[in-house]
Amino acid sequence: PLIPLGLLVPNKLFDSILAILITAHSFWGLEAIAVDYVRASVVGPIIPKIAIALVYLLSIATLGGLFYIISHDVGIGRAVRQLWAVKSNSHNA
């Protein structure tokens, strides 16, 4: 329910919560992939640690980028609305 609410009523609070939830969701998914497919028994003890470190690094970068958009640009909700407007206008042209 937060995604439609964040798009209908875009503000910094909803954008921040949405950024945290998006990042947590992608972190959990990527972590599961790294744990399931990059096993120490298959690839050795070092590569799984690197894979998990990359998941953390990517998640931190994602959250930082989303917070940058929220604080220095239009925000997540308004950015999605602008992307939809561009897509709608390109179909009309």
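These numbers come from a predicted model, not from an experiment. (Residues numbered from 1 in each chain as written. Predicted model: local features only at pLDDT ≥ 70, side-chain atom pairs only at ≥ 80, totals over all residues. Heavy atoms only, no water.)

## Here we look at the overall build of the protein
Scanning the protein from N- to C-terminus turns up five helices and zero strands. For the protein, the succession of helices and strands along the chain, N to C, is α-α-α-α-α. Residues classed as buried in the protein amount to 23% of the 93 residues present. Taking the intrachain contacts of the protein between residues at least 6 apart in sequence as the baseline, contacts between residues at least 24 apart amount to 61%. Carbon and sulfur atoms form 73% of the exposed surface of the protein, whose accessible area is close to 6700 Å². Charged side chains of the protein number 6 positive and 4 negative; the gap between the two group centres comes to 4 Å. (Helix = DSSP H or I, 4+ residues; strand = E, 2+ residues; numbered from the N terminus. Buried < 20%, exposed > 50% of the residue type's maximum accessible area, 1.4 Å probe, protein only. Contact = heavy atoms within 4.5 Å. Areas by Shrake-Rupley, 256 points an atom, 1.4 Å probe, with all protein chains shown as cover. Lys, Arg positive; Asp, Glu negative; His and termini not counted. Charge placed at Lys NZ, Arg CZ, Asp CG, Glu CD.)

## Section: the UniProt feature "binding site: a ubiquinone" (unreviewed entry) in the protein
Under the UniProt annotation, "binding site: a ubiquinone" (unreviewed entry) lies at Tyr37. Within the secondary structure, Tyr37 is located in helix H2 (residues 12-37). (UniProt positions renumbered as here; feature names shortened; annotations may be inferred.)

## Some details on the UniProt feature "binding site: heme b" (unreviewed entry) in the protein
Following the UniProt record, one finds the feature "binding site: heme b" (unreviewed entry) at His25. Accessibility expressed as a relative area gives 61% for His25, which makes it exposed.

## Brief notes about the packing of aromatic side chains
Taken as a whole, this structure holds one aromatic pair when the rule is applied. Here Phe27 and Tyr56 contribute two aromatic rings whose centre-to-centre distance is 5.0 Å and whose plane-to-plane angle is 65 degrees, an arrangement assigned as edge-to-face. One end of the pair, Phe27, is in helix H2; the other, Tyr56, is in helix H4 (residues 46-72), and 29 residues separate them in sequence. (Phe/Tyr/Trp six-rings, centres within 6.5 Å; stacked < 30°, edge-to-face > 60°.)

## Thoughts on a nonpolar patch on the surface
On the surface, a nonpolar cluster with roughly 430 Å² of combined accessible area is contributed by Leu30, Ile33, Tyr37 and Leu58. Top contributing element to the nonpolar patch by residue count: H2, with three residues. Within the fold, Leu30 resides in helix H2. (Patch = residues over 30% accessible without salt bridge, like charges linked within 9 Å, V, L, I, M, F, W, Y side chains within 5 Å. Salt bridge = Lys/Arg side-chain N within 4 Å of Asp/Glu carboxyl O.)

## Here's the deal with H2
For H2, with 26 residues, the first-to-last C-alpha span of 37 Å sits near the 38 Å given by 1.5 Å per residue. Listed as buried for H2 are Phe14, Asp15, Leu18, Ala19, Thr23, Phe27 and Ala34. For H2, the N-terminal capping position is held by Asn11, with its side-chain oxygen 3.1 Å away from the main-chain nitrogen of Leu13. (Expected span 1.5 Å × (residues − 1). Polar contact = N/O pair within 3.5 Å; in protein donor to acceptor, adjacent residues only side chain to side chain.)

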